[in-house]
2 protein chains.
Amino acid sequence: MNKGGIFVVSGPSGSGKDTLLSQLFKKCPEIKFSISSVTRPMRAGEKEGEKYNFISRKEFEEMLQRDELLEHNVYVGNYYGTPKTPVLNASKNGDDIIIEVDVNGAKQIREKLPQAVSIFIMPPSFAELEKRLSGRGTETEEVIAERMNSALFEIERATEYDYIVVNDDIDTAVDDIIQIISGSRLMLKRQKHIIDEVLNYVKS
Amino acid sequence: MNKGGIFVVSGPSGSGKDTLLSQLFKKCPEIKFSISSVTRPMRAGEKEGEKYNFISRKEFEEMLQRDELLEHNVYVGNYYGTPKTPVLNASKNGDDIIIEVDVNGAKQIREKLPQAVSIFIMPPSFAELEKRLSGRGTETEEVIAERMNSALFEIERATEYDYIVVNDDIDTAVDDIIQIISGSRLMLKRQKHIIDEVLNYVKS
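All chains use their own residue numbering, which begins from 1 and follows the written sequence. Naming scheme: in the order in which they are written, chains are lettered from A and ligands are numbered from 1. Note on the predicted model: pLDDT of at least 70 is required for a residue's local features to be given, and 80 or more for side-chain atom pairs to be given and counted; whole-chain, interface and lining totals, by contrast, use all residues.

1. Considering the relation of the copies chain A and chain B
Next up, step 1: Under the fitted operation, chain A is carried onto chain B by 0.0 Å of movement along the axis and a turn of 180°, and the coordinates agree to an RMSD of 0.0 Å. Considering both components of the superposition, the chain copies are consistent with a two-fold axis. Among all residues of chain A, the minimum C-alpha distance to the rotation axis is found for G183(A), at 2.8 Å.
Next up, step 2: A shared binding surface is used by both copies, with 97% of the interface residues of chain A retained as interface residues in chain B. The atoms used to superpose the copies are C-alpha atoms, taken from residues with pLDDT of at least 70 in both, and the fit is least squares. Here the contact rule is simple: place C-beta atoms from the backbone, and any two residues whose C-beta atoms are within 7 Å are in contact.

Here it is in structure tokens:
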């Protein structure tokens, strides 16, 4: 009945999403993280089953055919996807689970799981976004401009999300996400079964 | 910038909404309550300006003409309405404010103030609703059936609300509302100005 929540988290490059999520999981180790299946080769420092399951193109396409993915996309010639079963099992067991995806992945998940609650991580301002994207100092102006374009494209779609977290101070932003996770339990889309119960009782 | 929230609270007869709200204001005296303007006569035990402002029919109609009400309705030949200015002022001052209205009033407010967050108070089950409505023991079966009909009519429209609070245990329900009030600060509709700010910067 009181199942765990499914949370879709997106944020553009420059939003500080990665640091934010790793702080969140450090603070709340009970929150599950959805491991993506990918067909790209493992990089130095990565471990199988930590953030990704590294599988073959054939295995990925079989998962697709069996409709075992909540969302997927192709990036630089490789597949990336979110397996359905671990997410649904976590929720069934009463665990909250976070799926980290881009705006397109979030859209696909929303269509398949309307009860999923979505959170968009925002940089605090345009100036700060610009600073963060150019901050590393090693990139050309073209690369920075391209990152900026892609960040702004994602921010334009932030209006598709349920909640917006502004990542100015990281500790505040982590607490904001924790608050969303507990408060969203009461959102209409997660409580609808109760309305249906009372009304079905009448109709039956 | 971080303005106070405007919360619309509804719940049918039998939801226990009145006791719930009075407990909430006892626990959180900093939360404001929107005082309705009504044209019905004051009853024994009521005080001007506590829950209602008692005004004349002429005064009410003048408020209507000056578009000073967020919502209004007619009940047993009397006007009931929510004055706009105190609600907007509370929010501007950073105070959270609760407006208690029925499903029709909530709809009118949602149209005028899309940033308002709405909460529907539910009885825990059909059986419990029936028990609460007939519990006083003094009413005829017709009166109970009529109350039941009107409660079910309201519950059918619970799907128009942002959050559903099930009032089974009153302390839990009070805490649920407190959690909604703090968590809803991060809802898209209350954060949209931040997205607009970043994007407008680009367009300008």
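2. Topic: the environment of D67(B)
All names here are of chain B.
Next up, step 1: Only DSSP runs of H or I covering at least 4 residues are called helices, and only runs of E covering at least 2 are called strands; the numbering of each starts at the N terminus. When you line up the elements, D67 lands in the loop between α2 (57–65) and β5 (69–75).
Next up, step 2: Residue class for D67 comes out exposed when judged on the 9 C-beta atoms lying within 10 Å of it.
Next up, step 3: The spacing of D67 and P83 is 16 residues in sequence and 9.2 Å in space, taken between C-alpha atoms. Exposure is read from a count of other C-beta atoms within 10 Å of each residue's own; the residue is exposed at 12 or fewer, buried at 20 or more and partly exposed in between. C-beta atoms are placed from the backbone.

3. Side note on the packing of helix α1 (residues 17–27) of chain B against helix α7 (residues 170–183) of chain B
Residue and element names in this part refer to chain B.
Next up, step 1: Where helices are involved, their axes are fitted lines through C-alpha atoms of the stretch in contact, as for all axes, and angles between N-to-C directions lie from 0 to 180°. It is at 9 Å that the axes of α1 and α7 come closest, and there the two elements cross at 65°. In terms of crossing hand, the pair formed by α1 and α7 is right-handed. In this structure, α1 uses T19, L20, Q23, L24 and K27 to contact α7, whose residues at the interface are I170, A173, V174 and I177.
Next up, step 2: For this classification, the nonpolar set comprises Ala, Val, Leu, Ile, Met, Phe, Trp, Tyr, Cys and Pro, the charged set comprises Asp, Glu, Lys and Arg, and every other residue, Gly included, is treated as polar. Residue classes in the contact of α1 with α7 are distributed as six nonpolar, two polar and one charged. Each helix crossing is assigned a hand: it is left-handed if the near helix lies turned anticlockwise from the far helix by less than a right angle, otherwise right-handed if that turn is clockwise.

4. Notes on the sheet that holds strand β3 (residues 36–38) of chain B
Residue and element names in this part refer to chain B.
Next up, step 1: A pair of strands counts as paired when DSSP detects no fewer than two bridges linking them. Ordered by their spatial adjacency, four strands build an open sheet running β4-β3-β6-β5, and the pairing between neighbours is mixed. Each edge of the sheet is formed by a strand with only one pairing partner; in this case those strands are β4 (52–54) and β5. Neighbour-to-neighbour, the strand axes of the sheet open up by a mean angle of 25°, direction not taken into account.
Next up, step 2: By the bridge criterion, three bridges tie β3 to β4 in an arrangement that is parallel. Each residue of the ladder has a partner; that of S37, found in β4, is N53.
Next up, step 3: This element, α2, spans β3, β5 and β6 (78–83) of the sheet and lies at about 45° to β6.
Next up, step 4: The strands touched by helix α4 (residues 103–112) within the sheet are β5 and β6, with β5 carrying the most contacts at an inclination of about 160°.

5. Regarding the packing of helix α5 (residues 126–134) of chain A against helix α6 (residues 141–156) of chain A
All names here are of chain A.
Next up, step 1: It is the contact of α5 with α6, at a shortest axis distance of 10 Å, that shows an interaxial angle of 135°. By the angle between their axes, α5 is oblique relative to α6. As for the relative orientation of α5 and α6, their crossing is right-handed in sense. Judged by residue contacts, L129, E130, L133 and S134 of α5 engage I144, R147, M148 and A151 from α6.
Next up, step 2: In terms of residue class, the contact of α5 with α6 is made up of five nonpolar, one polar and two charged. In these notes the angle categories are as follows: under 35 degrees is roughly parallel, over 145 is roughly antiparallel, 65 to 115 is roughly perpendicular, and the rest is oblique.

6. A look at the interface of chain A and chain B
It is common to report an interface's size as the accessible area lost on association of the parts.
Next up, step 1: Each partner contributes to the interface: chain A provides 31 residues, whereas chain B provides 30 residues.
Next up, step 2: Taken together, the elements giving at least two residues each to the side of chain A that touches chain B come down to α5, α6, β9 (163–166), α7 (170–183) and α8 (188–203) of chain A.
Next up, step 3: Residue classes in the side of chain A that touches chain B are distributed as 21 nonpolar, six polar and four charged.

7. Remarks on helix α1 (residues 17–27) of chain A
Because the α-helix completes a turn every 3.6 residues, residues three or four places apart line up on one side.
All names here are of chain A.
Next up, step 1: Looking only at α1, the buried set comprises K17, L20 and L24. Relative to the axis of α1, the buried residues are bounded by an arc of 65° and lie together on one face. Exposed and facing more than 90 degrees away from the buried side of α1 are S22 and K26. What the arc measures is the spread of directions leading from the helix axis to the C-beta atoms.

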